[in-house]
Amino acid sequence: MNPPEALPEKFGTDEWVAQVDARRAGGGWIGKLGARWGALPISWRFLGLLLVGAIIPLLIHSDYVLRVIGTAWLFATLAVGLNVVVGYAGLLDLGFIAFYGLGAYTYALLSSGHFNVHLPSWLALLIVAGVGMAFGLLLGSPSLRLLGDYLAIVTLGFGLVFVQLGLNLDRLNVPWSNTPLNITGGSNGIINLDPLHFFGFSLSTVANYYYALLVWLAIVLLVIYRLNQSHFGRAWRAMREDPLAAEAMGMPTRRLKLFSFATGAAVAGVTGAIFAAWQQSVFPNNFDTNSLINLYAMVVLGGVGSLPGVSLGAGILTVVPELLRSPELSRVIFYMGLALALVFLIRPRRNGLAVLVGVVGLGLILRLAVQAVAPGLVSPPTIEVAAVSISSGFERASQSFGVLVQRWILLPKDPNTAGNLAYVLLVPALLAWARMKPSRWRTLLLVPLLYLLSFVWETRLSAEPAITRLLLIGTLLVILMIFRPQGLLGARRVEIA
Amino acid sequence: MAQFLSQAPQQIVNGLTLGSVYALIALGYSMVYGILQLLNFAHGDVYMVGAFIGFGVLTVFLPDAGPLLPAALVILLMLVAAMIGCGFLGVAIEWFAYRPLRNAPRIAPLISALGMSILLQNSVQLTLTAQFRVYHTEKLIPISAGVDLGPAHLSLVRVLVIGSAIVMMVGLAYLVNRTRLGRAMRAVALDREAAAMMGVNVDQVIVLTFFIGSALAGGSGVLTGLVFGRIWHTMGFNAGLKGFTAAVIGGIGNIPGAMLGGLLIGLLEAFATGFISSTYSDVIVFVVLILFLLVRPRGLLGATGAQKV
Amino acid sequence: MKRLNKLMPLLGGLTVASLLLAACAPAATPAPTAVPPTVAAPTTVPATTAPTAAATVEIKIAFYAPLTGGAASLGTEQLAFARQAVADFNKNMTGFHVTMVEEDTDITPDKAVPVCTKDAGDNTIVGVVGPSGSGQVAACSKILDGAGLAHISGSATRPSLSQAGDKTFFRVVPNDNVQGPTDGNYIADVLKAKKVFVIDDKEDYGTNLADTVEKTIKAKGVTTQRQGVDATLADFSSLATTIKGFGPDLVFFAGQIASQGASLAKAMKDQGLSVPVFGGDGFFSQKDYIDGAGGATEGSYASVFFPDLRSLPAAADVAKEMDTAFPAWGPFGAPSYVATTLLLDAAVTASQGGKLDRPSVAAALAKTDVKVFGIEFKFDANGEPQGLNDGIFIIKGGKFVGAPTS
């Protein structure tokens, strides 16, 4: 335990509380930086980040990068909305993505050629917010009666029903018409939506929507923050920690629950509308279970109940999968990440470096041994460095790095079978290692484990980026819950059974 | 009306087959929830792994020419392999993902279960690819084998499925009601701390519960493969959800309830597909789930537990 | 020791940085050892024989397909064939070298849009094979067309795609407006069915096809009943009972998963109903549709948007290669092979005309008149392939044979 560092004097602070604060602050220069950042007034922090966000399109002109960051704002807003329901009120809503979809579809029906209704954007968004609230109240009403897990399943059911209805309400046989009624466009969705237009200005480019989403995120953050600071926030926290006690103290828990649902739903709805306008189309599969899992991973990673946390989580889980799209780049990130984690997360530092050296050495030894004994098993590198005319310097560098790694690792002629076997060995080994108590053995066993991990990466994972991304999310969720349930920026909660 | 009557018996047969599968999955859910108050999202994926294990055994013993052993023996081998394999898988999942979270806030094991489910699904996709695998049941049991009960045709495969399910359920009922282990399980489900104080090894009971529940799911996976033919890596999600629906309808934590719930859900789905539309059959099942939870959350056979503060 | 601990991050950072620098060292020339094209392994980019001529023209294209998700079995097949096309091209063409960037776009439009945007901004990519799904093409057309990036699809069959007026969309398979009436007319006129039960798979492709077929046969006075099933449905017994109650002469199943057709046929036979199943492209699979049904699909049909490679003598080599590389191949792979080959051909033409860039590739692609697998491919002004028709096959004696035309 680190002795408490010199803190700014807090008048009237108990010594034990001061120690807790110091421990929370974390050691080292990261902790100090975090403490300095946290000491700034929140409005400064907020405006500072907003400014940074606003400057980015002026510096980076790539549509692709702006689209990715814009998507990060989108999901951050959704994550904040979900945070209200799950983090503040403590209600596990697994159908949240349906609110998002509902908002998108409502906008689509009100601003497209589908029914030839073209409402002005401000009116459409207002209606979307209203519809979102209404459905939030509707979906929230079961929560009044159901406990945690049951509510989760009911809301999950709602989410699935929504997607099914979206897929099937394009040929609804109605008694007053001969031709079936097409409400949602089925699997073809609704396309050619009106872009958003305010005061005569129509949002059309990626940069436009980037700013729109940033502005919307800022508004939502402001409103939710104020809500959290108000008596609503306190009431929610009380209700989350112990619903029975809250009710005994006279809090209107029913109304609080409904209100949290309605708020979350309204936020998600309007966000969905902006998303629909941006994509200029909506499809039922935009709102399937995969998106829900992604959203939950963002909230959980960032820290349930923490506004900056969920925004950060959304940012990470939007940007990182994009980075992982290219096998070469993801390889660089993977190995760099491993090396950095070794150096930074293992104390004392020399152990981390020793493990790194050990892994590299083990690889070289194995490779040389196998090449000497059975050279036919090993295959030469299969990556080629592309020509100068069709690639950037960075691309070539990462490809060269890939060639280097493929010379180091034991690359088999048939990567599939070997890789699959290694994977089946790796997963239990990794999880078992995670459950070991910290000891010398644990550090030592890290060497072959990391080698195995690199082997699996080279043979299978780098070839299947989409599956790898999902595997990472799954592992992340499990490992997070076991080691750091409060996520990156959340606060540790203790539930008194 | 006449059409309804003529089709109903066959739909009942269909529903009972489907229901047996769901009942076995529901049992696993119910047992785990009864003991740990945990929604094991990964249970459906254990079912999926069972189906694949069975497929593996089938591929070994059923080359193109024909079965290497008598058909009954092959099927038995498949069931045993899948049940044991899935049992161990379930135990492993509990040890990795749930045991460290015994005392954590309720949301933590739920998220962990979700993560485990994603892990399982995608691990199978990574190692075994996304291709559908097909059980060539017709090489073991000819398609035409079966009996005709009036307008309904009950094929041998379906008899097998329903029969195996009944055998497993009866076995489980015996285990839970007549053996010491079963008594220990019921005690832990009732009050974990009191059972510990009475000398029951709670950890061991939990491990055994997971083993049995997962084994049942694995068996159910093999039966699914045998009767419906196609297996793929995401089949666990839907089946798991319906299994959970069945467990809830029957009264979660209640074993006969899970069986009843499973059969009811199977029948409901068959009738919904047959008489309303297969397009909406999933929707109907979930709407029924939602209505049930709103109107009678403790299910059909569940007891109203007083909530201890 | 404490000082050493403090230095560790710096040392670690230096190590990593030096590793990276070492990687950047002049290793630009590929390994001179020639490795045979490892077509079996999806992890490897097909290695090539080292280009001998100094002035090798590099061509970079992108490939989109659903490599994960519900349609992964189709996407991985398309990928394997496209890889084979690239490998064959690199082997046979001297002076040119192709790099293919493989992207997983799943089957939903929202997953394709970011990929399209990314590649639209990457000026080194001169052409795209894909996207596979019609909804995806619709969602991406503005982006790709705006960047002048030619995109040629081996499986997007929605008719409206070529009506968008862009000059960069091409496809190598006939669209639903051809397939629908072909199938519908066959059902109504040749098979003389009076009652048909129509099933779609609730996906883009299936719904559109089922719509066109239903429209065609209804216009000819056929009674129909329509239902949709999930692509994941395995239990067809309840549906089979409903079909039995309807009493049709034929079941039209616009689906992409052959094993579903087999399951349906088995379920119907199980209940004593022996009615042929008429399926879409996905059903053209010996293994899944015929063998997997254990005889229940005898006498059933499949209509395919591309001829079976095994029936084309010019495709014998490719078919054999793919048997090792992707044993479970069906009808979806061959169009991808063709699409890739046509795109690469256009790139070669453009390069030989002096400029290898997006407009010239698109222009060259529009003027394509090439034979692949012995079939001539030409595009009309909208990017539709000319003169291609869907083939209808019937299962006789456990094999697909051309269906009788009267």
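Residues numbered from 1 in each chain as written. Chains lettered and ligands numbered in written order. Predicted model: local features only at pLDDT ≥ 70, side-chain atom pairs only at ≥ 80, totals over all residues.

### Focus on the interface of chain B and chain A
Logical step 1: The partner chain A presents 41 residues to the 38 residues of chain B that form the contact.
Logical step 2: If you list the elements that add at least two residues to the side of chain B that touches chain A, you get helix H3 (71–98), helix H4 (107–128), helix H9 (235–250) and helix H11 (281–295) of chain B.
Logical step 3: Top contributing element to the side of chain B that touches chain A by residue count: H4 of chain B, with 15 residues.
Logical step 4: Here the side of chain B that touches chain A is composed, by residue class, of 29 nonpolar, seven polar and two charged. (Contact = placed C-beta atoms within 7 Å. Helix = DSSP H or I, 4+ residues; strand = E, 2+ residues; numbered from the N terminus. Nonpolar A, V, L, I, M, F, W, Y, C, P; charged D, E, K, R; others polar.)

### Overview of the pairing of strand E1 (residues 57–65) of chain C
All names here are of chain C.
Logical step 1: Buried residues dominate E1, accounting for seven of its nine residues.
Logical step 2: The pairing of E1 with strand E2 (residues 96–104) spans nine bridges and is classified as parallel. Within E2, the position partnered with Ile59 by the bridge is Val98.
Logical step 3: Relative to strand E3 (residues 127–129), E1 runs parallel, the two sharing three bridges. Residue pairing for E3: Phe63 is matched across the bridge by Val129. (Buried ≥ 20, exposed ≤ 12 C-beta atoms within 10 Å, placed from the backbone. Pairing = 2+ DSSP bridges.)

### Considering the packing of helix H5 (residues 156–178) of chain B against helix H6 (residues 180–190) of chain B
Residue and element names in this part refer to chain B.
Logical step 1: In contact at an axis separation of 5 Å, H5 and H6 are set at 75 degrees when each is read in the N-to-C sense. The orientation of H5 relative to H6 falls into the category roughly perpendicular. Packed against H5, whose contacting residues are Leu175, Val176, Asn177 and Arg178, the element H6 presents Leu181, Gly182, Met185 and Arg186 at the interface.
Logical step 2: Among the residues forming the contact of H5 with H6, the class breakdown is four nonpolar, two polar and two charged. (Axes fitted to C-alpha atoms, helices over the stretch in contact; angles between N-to-C directions. Parallel < 35°, antiparallel > 145°, perpendicular 65-115°, else oblique.)

### Examining the nonpolar core
Logical step 1: Within the largest apolar cluster, 368 residues are counted, with the highest numbers of intra-cluster contacts made by Ala79 and Leu295 of chain A, Ala23 of chain B together with Ile61 and Phe252 of chain C.
Logical step 2: Not counting chain neighbours up to four residues away, the residues in contact with Ala23 of chain B comprise Ala165, Met169, Ala246, Ala258, Met259, Gly262 and Leu263 of chain B. (Core = buried A, V, L, I, M, F, W, Y, C linked by C-beta atoms within 7 Å.)

### Here's the deal with the domain arrangement of chain C
Residues and elements named next belong to chain C.
Logical step 1: Considered domain by domain, chain C is made up of domain 1 (57–174 + 313–373) and domain 2 (177–304 + 391–402).
Logical step 2: Domain 1 and domain 2 are separated by 29 Å when their C-alpha centres are compared.
Logical step 3: Counting from both sides, the interface comprises twelve residues of domain 1 and, opposite them, 14 residues of domain 2.
Logical step 4: Partitioning the side of domain 1 that touches domain 2 into residue classes produces five nonpolar, six polar and one charged. (Domains from an automatic or database assignment.)

### Considerations on the pairing of strand E3 (residues 152–155) of chain B
Residues and elements named next belong to chain B.
Logical step 1: Burial along E3 is one-sided: His153 and Ser155 are buried, and none of Ala152 and Leu154, which face the opposite way, are.
Logical step 2: Examined bridge by bridge, strand E2 (residues 146–149) and E3 share four bridges and lie antiparallel to one another. For Leu149, the partnering residue across the bridge sits in E3 and is Ala152.
Logical step 3: Connecting E2 to the antiparallel partner E3 that follows it, the hairpin turn spans two residues, and Gly150 within it adopts a positive phi of roughly 65 degrees.

### Points about the environment of Ala429 of chain A
Residues and elements named next belong to chain A.
Logical step 1: If you trace the backbone, Ala429 turns up in helix H17 (residues 415–434).
Logical step 2: Among the residues examined, Ala429 registers 16 C-beta atoms within 10 Å and is labelled partly exposed.
Logical step 3: If near-sequence neighbours (up to four positions away) are discounted, Ala429 is found in contact with Leu449 and Leu452.

### Let's talk about unusual backbone geometry
Logical step 1: The omega torsion of the bond from Gly130 of chain C to Pro131 of chain C falls at -10 degrees, within 30 degrees of zero and hence cis.
Logical step 2: Looking at the secondary structure, you find Pro131 of chain C in the loop between E3 and helix H4 (134–146).
Logical step 3: Backbone geometry places Phe199 of chain A, a non-glycine residue, at a positive phi of 50 degrees.
Logical step 4: As for its placement among the helices and strands, Phe199 of chain A is situated in the loop between strand E4 (197–198) and strand E5 (201–202).

### Quick notes on helix H9 (residues 231–241) of chain A
What sets the pattern is the α-helix's 3.6 residues per turn: residues three or four places apart point alike.
Residues and elements named next belong to chain A.
Logical step 1: Turning to H9, its buried residues are Ala235, Trp236, Met239 and Arg240. The buried residues of H9 occupy an angular sector of 135 degrees when projected down its axis, which confines them to one face. Away from its buried face by more than 90 degrees, H9 exposes His231 and Arg234. (Arc of directions from axis to C-beta.)

### Some thoughts on the sheet that holds strand E5 (residues 169–171) of chain C
Residue and element names in this part refer to chain C.
Logical step 1: Pairing within the open sheet is parallel, and its five strands lie in the order E2-E1-E3-E4-E5. Only two strands of the sheet have a single neighbouring strand rather than two, namely E2 and E5. Each adjacent strand pair in this sheet contributes to an overall mean axis angle of 25 degrees, direction not counted.
Logical step 2: Inspection of the sheet shows E3 paired to strand E4 (residues 150–153) by three bridges, in the parallel sense. Bridging from a neighbouring strand, Val129 pairs with Ile152 of E4.
Logical step 3: This element, helix H2 (residues 72–92), spans E1, E2 and E3 of the sheet and lies at about 170 degrees to E2.
Logical step 4: Taken strand by strand, helix H11 (residues 333–352) contacts E1, E2, E3 and E4, and its axis lies near 170 degrees from that of E3.

### A closer look at H11 of chain B
Logical step 1: Between the first and last C-alpha of H11 of chain B there are 21 Å, a value that for 15 residues agrees with the 21 Å anticipated at 1.5 Å per step.
Logical step 2: Taken as a whole, H11 of chain B has its buried residues at Ser281, Asp282, Val283, Val285, Phe286, Leu289 and Leu293 of chain B.
Logical step 3: Taken together, the buried residues of H11 of chain B touch helix H7 (148–168) of chain A together with H9 and helix H10 (255–276) of chain B. (Expected span 1.5 Å × (residues − 1).)

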